[in-house]
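# Examination of the molecular architecture
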Amino acid sequence: MKKNLMSVLILVLCLVNLVFNALIVFTILPQSKQLNNMITDVCQAINLNLKSGSAVGADSVPADQITVYKVLADGEKEQMTVSVKDGVCVFAASLSLNNNSENASKFTVDVLTSQNSIIASTIQKVVAKYTCAELKNVESREDIIDEILVDMQDMYGKDYVISVNLSSVVTSP
């Protein structure tokens, strides 16, 4: 008798749960859609860009407005040597900078040169988290470059640093 009573109790609780879920779907979800529409309308009214977190890509900046800054290891060598998880990686790094950015006057090449060790250290920390195989693989190397780009854009501005380039990548386990 107890097993049947428990089965009935569980069935009743499942039905109550189903009713509450239906209530949520039909009352709360339309309200959140209305709220999203209202936020969109307000943003359009005050001319806010809803994708303000997106960065300026290298494709959207003309080539004559891009400056390439070579990151130097130890302030003098173009090749950086980094110990990765399973070996050593040697590469050259550079940043593509948008000359028309608001930060271009604030972060001139002279300022970047004085902060070169910080830039190199940031790049080296990101690369050190990966393995030789990941550095050799083009797709995972793009992920590494994207991670470095995010760090550089956090430091200097999303519209100023538009791309990071890793070249001459050589790894040895």
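Just above, that's the structure.
Residues numbered from 1 in each chain as written. Predicted model: local features only at pLDDT ≥ 70, side-chain atom pairs only at ≥ 80, totals over all residues. Heavy atoms only, no water.

## So, the overall build of the chain
Put simply, the rule is: A run of DSSP states H or I qualifies as a helix once it reaches four residues; a run of E qualifies as a strand once it reaches two. Both are numbered from the N-terminal end. This radius of gyration counts C-alpha atoms alone. The globule rule is 2.2 Å times how many residues there are, raised to the power 0.38. Categorising residues by exposure relies on relative accessible area from a 1.4 Å probe, with only protein chains included: less than 20% of the type maximum marks a residue as buried, more than 50% marks it as exposed, and the intermediate range marks it as partly exposed. Here a residue-residue contact requires only that any non-hydrogen atoms of the pair lie within 4.5 Å. In short, Shrake-Rupley with a 1.4 Å probe defines the accessible areas, and a residue's cover is counted only from the protein chains shown. For the purpose of charge, His is not counted, nor are the chain termini; Lys and Arg are scored as positive and Asp and Glu as negative. Each charge is placed at NZ for Lys, CZ for Arg, CG for Asp and CD for Glu.
In terms of helices and strands, the chain carries five helices and four strands. Secondary structure elements of the chain occur, N-terminal to C-terminal, as α-β-β-β-α-α-α-α-β. Computed over the C-alpha atoms, the radius of gyration of the chain is 26 Å, more than 25% above the 16 Å expected from 2.2 N^0.38 for a compact globule of 173 residues. Counting only C-alpha atoms and orienting by the principal axes, one finds that the chain spans roughly 85 × 50 × 25 Å. Counting across all 173 residues of the chain, residues that qualify as buried make up 28%. A sequence separation of at least 24 residues applies to 71% of the contacts in the chain between residues at least 6 apart. Carbon and sulfur atoms provide 59% of the accessible area of the chain, an area that totals close to 11,500 Å². For the chain, the distance from the average position of its 13 positive side-chain charges to the average position of its 18 negative side-chain charges is 14 Å.

## Digging into the environment of Q153
How we decide: Throughout this description, a polar contact denotes any pair of N or O atoms lying within 3.5 Å of each other; where both atoms belong to protein, one of them has to be capable of donating a hydrogen while the other can accept it, and for residues adjacent in sequence the pair is counted only when both atoms sit in side chains.
Among the secondary structure elements, Q153 is positioned in helix α5 (residues 138-156). For the pair Q153 and F107, spaced 46 residues apart in the sequence, the C-alpha separation amounts to 12 Å. At 3.4 Å, the side chain of Q153 forms a polar contact with the backbone oxygen of K158.

## Remarks on the packing of helix α3 (residues 116-128) against α5
The cut-off we apply is this: Helix axes are fitted to C-alpha atoms over the stretch in contact, other axes to C-alpha atoms as well, and angles between N-to-C directions run from 0 to 180 degrees. Should the near helix be turned anticlockwise from the far one by less than a right angle, the crossing is termed left-handed; should it be turned clockwise, right-handed. Each residue is assigned to one class: nonpolar for Ala, Val, Leu, Ile, Met, Phe, Trp, Tyr, Cys and Pro, charged for Asp, Glu, Lys and Arg, and polar for all the others, Gly among them.
Following both chains from N to C, one finds α3 and α5 inclined at 145°, their axes separated by 10 Å at the closest point. Where α3 crosses over α5, the handedness of that crossing is right-handed. In this structure, α3 uses I118, I119, T122, I123, V126 and V127 to contact α5, whose residues at the interface are I144, E147, I148, D151, M152, M155 and Y156. Across the contact of α3 with α5, the residue classes tally to ten nonpolar, one polar and two charged.

## A look at α5
Formally: Here, expected helix span is obtained from the residue count minus one, scaled by 1.5 Å.
Between its first and last C-alpha, α5 extends 26 Å over 19 residues, near the 27 Å set by a 1.5 Å rise per residue. Turning to α5, its buried residues are S140, I144, I145, I148, L149, M152, Q153 and Y156. Following α5 by one or two positions, G157 adopts a phi angle in the positive range, close to 110°.

## Notes on a negative patch on the surface
Rules: Note on patches: the residues involved have over 30% relative accessible area and no salt bridge, like charges join within 9 Å, and the nonpolar side chains Val, Leu, Ile, Met, Phe, Trp and Tyr join within 5 Å. Salt bridge, as used here, is a side-chain nitrogen of Lys or Arg placed within 4 Å of a carboxyl oxygen of Asp or Glu.
Together, E139, E142, D143 and D146 line one region of the surface with negative charge. Residue position: D146 is located in helix α5.

## Focus: the packing of aromatic side chains
Given two aromatic rings, one states the distance between the centres and the angle between the planes to describe the pair. As a reminder, the rule being used: Any two rings among Phe, Tyr and Trp, with Trp reduced to its six-membered ring, count as a pair given centres within 6.5 Å; such a pair is stacked if its planes are under 30 degrees apart, edge-to-face if over 60, and tilted if neither.
A complete count under the given rule lists two aromatic pairs for this structure. Ring geometry for F107 versus Y156: centroids 4.8 Å apart, planes at 85°, classification edge-to-face. Here F107, found in the loop between β3 (87-98) and α2 (109-114), pairs with Y156, found in helix α5; they are 49 residues apart in sequence, far enough to count as distant. Like Y156, F107 is buried. One aromatic cluster is present, built from ring pairs that chain together F107, Y156 and Y160.

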